[in-house]
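# Structural features, examined
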Amino acid sequence: MRVEIDEARCIGCSRCADDCVADDLRIQNGIAQVLGRCILCGHCVAVCPTGAVSISGYDMADVEPVEPLSRFVDAHDLLQAIKSRRSIRRYRPCAVERQKIDLILQAGRYTATAKNAQGCRFVVVQDGLDELKRLVWGGIEDVLASPGSDRPRWAAQCALFLEGVKAEPSRDFLFRNAPAVVFVAADRADDAGLASQNMELMAASLGLGMLFNGYLCRAAEGLPAVKSWLEVQDRPLQTCMLLGYPAVTYRRTAPRLPGDFVVK
């Protein structure tokens, strides 16, 4: 994959060279030239006024014109959306449509990553949720059967969850009867966290709700059979979110403590 310049379209304006974080572009004889130090961030594609820049191996048909965000997203509406989102712990018993799942995944895919690594793997489990539950609960039972000194810290809390679901299967504190689970695996926790936040906002805009589930994330990360089944290879599971249609309606935003702000 490399940056390519269509010399017939290039007007030598230097916008791409001026904005290149890797200092990979120069204007020579009125044409942009690629030096070979690219991190493939795509800024040169985005800033070019004539569409002269492309990146081989990338889906250039996916590139589209943009408008300033302020032209179609009101700042106060955006803040209201952020304030209105809730962590959803009660879900309706209906599946999430594939079109909506795709939009949520795209929100994660387009999130910025450190050094433009684009190294997140997104795993959505819906049709295979019963198998995931079997692997997770079975793995937790195996861990709890091991000597206490060998048990990971997360096992103690999951023991309580296991007791509860055995006593009353409908009160599954770990999966909470959500119809789908979303995992994000990445080498960097901040990459996964940023992507997950964008995915949650997309889900809310689609009438869906999410719950960040640290217990399930830690259990899945600590159970080799689950990680293998999720096909995340050697990347650590950084976030896990339950996903579905909320079975509760919130009428107002929730209160918060005063902000701890420093502005200089």
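One can find the structure itself at the top, above this paragraph.
Description of the structure in this document. What you see is a predicted model; the values in this text were computed from it and never measured. (Residues numbered from 1 in each chain as written. Predicted model: local features only at pLDDT ≥ 70, side-chain atom pairs only at ≥ 80, totals over all residues. Heavy atoms only, no water.)

## A short note on the overall build of the chain
- Scanning the chain from N- to C-terminus turns up 9 helices and 8 strands.
- Looking at the chain as a whole, 36% of its 264 residues are labelled buried.
- Expressed as a percentage of contacts within the chain between residues at least 6 apart in sequence, the contacts between residues at least 24 apart total 75%.
- Put simply, the chain shows about 16,200 Å² of open surface, and 52% of that area lies on carbon and sulfur atoms.
- Of the charged side chains in the chain, 32 are positive and 32 negative, and the gap between their average positions amounts to 7 Å. (Helix = DSSP H or I, 4+ residues; strand = E, 2+ residues; numbered from the N terminus. Buried < 20%, exposed > 50% of the residue type's maximum accessible area, 1.4 Å probe, protein only. Contact = heavy atoms within 4.5 Å. Areas by Shrake-Rupley, 256 points an atom, 1.4 Å probe, with all protein chains shown as cover. Lys, Arg positive; Asp, Glu negative; His and termini not counted. Charge placed at Lys NZ, Arg CZ, Asp CG, Glu CD.)

## Brief notes about the pairing of strand E8 (residues 237-244)
- Judged by how many residues are buried, E8 sits mostly within the fold: 7 of 8 residues are covered.
- As paired elements, strand E6 (residues 180-185) and E8 share 6 bridges and run antiparallel to each other. Each bridged residue has a counterpart across the sheet, and for Ala 185 the counterpart in E8 is Leu 237.
- Examined bridge by bridge, strand E7 (residues 209-212) and E8 share 4 bridges and lie antiparallel to one another. Each bridged residue has a counterpart across the sheet, and for Leu 211 the counterpart in E8 is Leu 242. (Pairing = 2+ DSSP bridges.)

## Observations concerning the pairing of strand E3 (residues 31-34)
- Across 4 bridges, strand E2 (residues 25-28) lies against E3 in antiparallel orientation. What sits directly across from Ile 27, in E3, is Ala 32.
- Where E2 folds back on E3, the antiparallel hairpin that results is connected by 2 residues, among which Asn 29 adopts a positive phi of roughly 55 degrees.

## So, unusual backbone geometry
- With a phi close to 55 degrees, Asp 23 is a non-glycine residue in the positive phi region.
- With respect to the secondary-structure elements, Asp 23 resides in the loop between helix H1 (15-19) and E2.
- If you check the backbone angles, Leu 40 has positive phi at about 60 degrees while not being a glycine.
- With respect to the helices and strands, Leu 40 occurs in the loop between E3 and helix H2 (43-47).
- On the basis of relative accessible area, Leu 40 is assigned to the buried category, the value being 13%.

## A closer look at the packing of helix H5 (residues 129-145) against helix H6 (residues 154-167)
- Viewed as axis vectors pointing N to C, H5 and H6 meet at an angle of 120 degrees, and their least axial separation amounts to 10 Å. The angle between H5 and H6 falls in the class oblique. Crossing of H5 against H6: the hand is left-handed. Contact with H5, carried on its side by Trp 137, Ile 140, Glu 141, Val 143 and Leu 144, involves Trp 154, Ala 155, Cys 158, Ala 159, Phe 161, Leu 162, Val 165 and Lys 166 of H6 and no other residues of that element. (Axes fitted to C-alpha atoms, helices over the stretch in contact; angles between N-to-C directions. Parallel < 35°, antiparallel > 145°, perpendicular 65-115°, else oblique. Left-handed = near helix turned anticlockwise from the far one by under 90°.)

## Some words on the packing of aromatic side chains
- Applying the stated criterion to the full structure yields 3 aromatic pairs.
- With centroids separated by 5.0 Å and ring planes inclined at 80 degrees, the aromatic side chains of Phe 161 and Tyr 215 adopt a geometry described as edge-to-face. Taken as a pair, Phe 161 in helix H6 and Tyr 215 in helix H8 (residues 214-222) lie far apart in primary sequence, 54 residues in all.
- Relative accessible area serves as the criterion here: at 5%, Phe 161 is assigned to the buried category. (Phe/Tyr/Trp six-rings, centres within 6.5 Å; stacked < 30°, edge-to-face > 60°.)

## Some words on the side chain of Ser 196
- By secondary structure assignment, the location of Ser 196 is in helix H7 (residues 189-205).
- The class of Ser 196 is buried, set by a relative accessible area of 0%.
- Of note is the side chain of Ser 196, whose polar atom sits 2.7 Å from the side chain of Thr 239.
- Leaving out residues up to four positions away in the same chain, Ser 196 has contacts with Val 184, Phe 212, Thr 239 and Met 241. (Polar contact = N/O pair within 3.5 Å; in protein donor to acceptor, adjacent residues only side chain to side chain.)

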